[in-house]
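A structural walkthrough
So you can see what is in the structure, the chains are spelled out below.
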Amino acid sequence: MTDQIPAQDNQDRSWEAINSGVIRHAINPAQLGTAEISPSGDFEAGSFASFTLTYTAGTFGIDDSGSLRICFRFASDQGNPQFDHPEQENYCTVTASNGALLQLRWDPKGNVRPWDRTLWIKVVKGFLQEGDQIVIRFGVTDFGGPGMRLQTFCEDTFEFRVLADPVATFNFQPLPVQPTISIVPGKPERYVAVLPTRRRPNETFALKIKGEDKWGNPSNLCDGTVTLETAAKIDGLPKTASFTPGDYALIIPGLSLSEAGKASLVVKDAEGAELARTNPLIVEDRDLIHFWGDIHGQTEETIGTGSAYDYFAFARDRAFVDACGHQGNDFQISDEFWDELNRITATFDAPGEFVALPGYEWSGNTSLGGDRNVFFPEEGRTIRRSSHALIEDQTTTDTDCTTAKDLFEAFADNQEFDVVCYAHCGGRYADIGYAHDGRFERSVEVHSSWGTFEWLLQDAIKLGYRVGVVANSDGHKGRPGASYPGAGKFGAIGGLTCFIAPGLSRETLLDCMRKRHHYGTTGGDAGRMIIDLTASFETSGTLYHDDPALFDTKGVSTKTAMMGDIVQLPEGDINLSVSVTTSSPIIRIDIFNGLELVETVRPYAEAELGSRIRLHWEGAEYRGRFREVIWDGSVEVTGNTIQSSQPVNFLNRDKTLDQNGDNTLNWRALTTGNFGGADMQLSDPTSGSLSIKTPLVETEVNIADIGYEDTVFDASGELPRFMKLYRLPDINPHLSFSFDQTIAIKPEGDNPIYIRVEQEDGTRAWTSPIYVYR
């Protein structure tokens, strides 16, 4: 007889139940037993390790059909325990010291959130008495496996959360003391250097440098002296600077430029090798400058990782953003935690240095409106929840707003017109056709760690809404502003929003949000690009910041507008001025008038194209949670050879691009509305053909037919899914690009004019539209 058997579909269906409520009559926690983990201590993020968790039964033992649950957080991307392949990673064994027969099951939704990733251990023959033990070995290496792969992001107290049901009542209670380890960063694999993107002459700023491990965690193992090189005259900049071991960042404050101009820096090691290159900085005398923010994410108090306090500290001190907001699921925010969140935002908010916005996520079901972000100008405001689904205290349900319509009506009824909301897509997606109120909901989030959601902006345009564009992380890993996807279901790097404002405070930031004076990027090293989008008119129009269709507002006469503005233009067309400056070469700028792609503008001419071919795959399965599109595939070159290849947006280190010989590429890839791809440098620009195989697209293409324009292979379903091919210059030097374009105005309805920028490294950006109407 074996000591463990897998759960079978024809066995007890109680395996599939989830604790649906709070059982108020419970066993004294001291009688539940104890659990210990060995080894304990610090372990590198994303590494392989082996652990033995020993549960010792308490007063009641565990009865026949009683159970244990070993639970992990939703956000964790650690390897899932498996019981069938001893030679592979994450192999797990479970034994009872008295020989009782155990049934095992791994269920990613086997417990109440956020502890839903569950190893379920059920006693199916026999029982345990006090002092008997169940021994769980995670990451068994006895048969050649590498161990258990740990989650890829840091956590001071990574918990193996043990719940016991000793009396077989299906009332699982957590042990009073839980076994924990600490997950810490590895050695720096690369370095990141950040400057602000726009400042005024003689305005001080800081250079901020960090090292990141292979999974994007800021590392405290950086050491040594770096050299700082720049062609600009930056006052206060030393020639060298040194990391202090144990610190997560090297910050050099008090820098400035006395004259208008552009600046960037190169960071080199002691041998002169380049470690990092900053984003560009433009200094000029102007009213509005740039501030970068990620104002959407969660922590362990709801469904994320790490404390809310550490969350804001990370955003400020390790992600180097200027603004941050916490957006916990409302149905998990107790009154006590709401008070604590308000204390934390008040503590971190420092006008001129860092903005911490109070707020929460209204998390109604999709059928009731879907996810909305809510931001307040001050602490102490009422949280209007979608439900109290995970809150025991039901005394404040009178302020609940079950639908998004109810939410907007409550804001209006209580004259809370200083509230700003965003619609977004996380797990639930916002159905802005069901509910939207432009007096509060000023923007849509088109990108986050969950993917890219241009369809949300397109929905708004179809419905005639006048909204701006933002991007945030919606991260659950405690890394706002630098939220990498790791190895889990998140398919993208978290986004960033550039706020164009006169200064840094809650007042100026919320004013910017109401005016839609911002653009969103897909984040990452090259995500802090500088974008100017302005319009000029031959005849005067009337400019509005608040939508005149919703507000009794007076406009001002104008012949110019910037992103986010609303303009009534009696006659004439638009002269659109576009300027982009970045640290990665620019591939294309798409100009849109609403749903219409007006033109694609590239910084290079067709004559500059070379032997470099880009394969590009993009899309999402549908709007809901399980939107991943698998693009695992290959390309085989016939009649030509591949000299080199380069992955694009392979953000999950488990997904790889492999070149096999000189004629084949293989890859493992997925998208969640965003895009990925690969560049191939061929030995000859036109000879031969490509044979491409993916789950959605199989095709053969003559290389000579791949040119300046996209060759598209459409596999769309509910949402766009496609592969495309196009040709690039062998070397693309274009880090800045400016042009003017005349845009004809449609006589009826809005003309939402915006641009989408795409860089060679795979970064994208979207501006808020300029809304022009007759």
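Right, let's walk through the structure included here. (Residues numbered from 1 in each chain as written. Predicted model: local features only at pLDDT ≥ 70, side-chain atom pairs only at ≥ 80, totals over all residues. Heavy atoms only, no water.)

**Concerning the environment of glutamate 89**
Under the convention used in this document: Runs of H or I in DSSP of at least four residues are treated as helices and runs of E of at least two as strands, each being numbered from the N terminus. Only heavy atoms enter the contact rule, under which two residues are in contact if any of them lie within 4.5 Å.
Among the secondary structure elements, glutamate 89 is positioned in the loop between β6 (67-72) and β7 (92-96). Not counting chain neighbours up to four residues away, the residues in contact with glutamate 89 comprise Phe48, Gln82, Pro146 and Gly147.

**Comments concerning the sheet that holds strand β15 (residues 180-184)**
Cut-off, in case you're wondering: Two strands pair under a simple rule: DSSP has to find at least two bridges between them. Axis definition: a line fit to C-alpha positions, over the contact stretch in the case of helices; interaxial angles, taken between N-to-C directions, run 0 to 180 degrees.
Strand order in the open sheet formed by 3 strands is β3-β15-β12, and the pairing between neighbours is mixed. Two strands bound the open sheet, and with one partner strand each, they are β3 (42-44) and β12 (155-159). The average angle at which neighbouring strand axes cross in this sheet is 40 degrees, direction not considered. When β3 meets β15, the two strands line up parallel, connected through 3 bridges. Within the sheet, the bridge partner assigned to aspartate 42 lies in β15 and is serine 182.

**Observations concerning unusual backbone geometry**
Across residues other than glycine, the phi torsion is negative in most instances, and most of the peptide bonds are trans. Defined as follows: Relative accessibility thresholds used throughout: buried, under 20% of the residue-type maximum; exposed, over 50%; partly exposed, between the two (1.4 Å probe, protein chains only).
With an omega of -5 degrees, the peptide bond running from serine 38 to proline 39 counts as cis. With respect to the element layout, proline 39 can be found in the loop between β2 (33-38) and β3. Following arginine 113, the chain continues to proline 114 via a peptide bond in cis, the omega torsion being 5 degrees. Mapped onto the elements, proline 114 comes out in the loop between β8 (101-107) and β9 (117-125). In this structure, glutamine 415 is a non-glycine residue whose phi angle is positive, near 55 degrees. Take glutamine 415: it is sitting in the loop between α3 (404-413) and β31 (420-423). Under the relative-accessibility criterion, glutamine 415 is labelled exposed at 58%. Of note, the phi angle at aspartate 474 is positive, near 45 degrees, even though the residue is not glycine.

**Describing the environment of valine 469**
Looking at the secondary structure, you find valine 469 in strand β34 (residues 468-471). By relative accessible area, which is 0% here, valine 469 ends up buried. When the C-alpha positions of valine 469 and isoleucine 181 are compared, they lie 40 Å apart, and in sequence the two are 288 residues distant. Apart from the residues lying within four places of it in its own chain, the contact partners of valine 469 are Ser443, Val444, Val446, Leu457, His518, Tyr519, Gly520, Trp766, Thr767, Ser768 and Pro769.

**Regarding the packing of aromatic side chains**
For any pair of aromatic rings, the description consists of the separation of the ring centres together with the inter-plane angle of the planes. Just so we agree on the cut-off: Between the rings of Phe, Tyr and Trp (Trp by its six-membered ring), a pair exists once the centres lie within 6.5 Å; its type follows the angle of the planes, with under 30 degrees stacked, over 60 edge-to-face, and the other angles tilted. Over a ring means this: the NZ of a Lys or the CZ of an Arg is within 6 Å of the ring centre and within 35 degrees of the ring normal.
Overall, the coordinates contain 31 aromatic pairs when judged by the stated rule. Pairing phenylalanine 158 with phenylalanine 160 gives two aromatic rings, centres 5.4 Å apart and planes at 85 degrees, and the pair type is edge-to-face. Across the pair, exposure class does not vary: phenylalanine 158 and phenylalanine 160 are buried alike. Here phenylalanine 453 and tryptophan 455 contribute two aromatic rings whose centre-to-centre distance is 6.2 Å and whose plane-to-plane angle is 80 degrees, an arrangement assigned as edge-to-face. An identical accessibility class is assigned to phenylalanine 453 and tryptophan 455; each is buried. A connected cluster of aromatic rings, assembled from ring pairs, spans Phe43, Phe51, Phe72, Trp106, Phe138, Phe158 and Phe160. Cation over ring: arginine 69 sits above tryptophan 120, and NZ or CZ is 4.6 Å from the ring centre.

Limitation: the analysis is restricted to geometry and does not speak to function.
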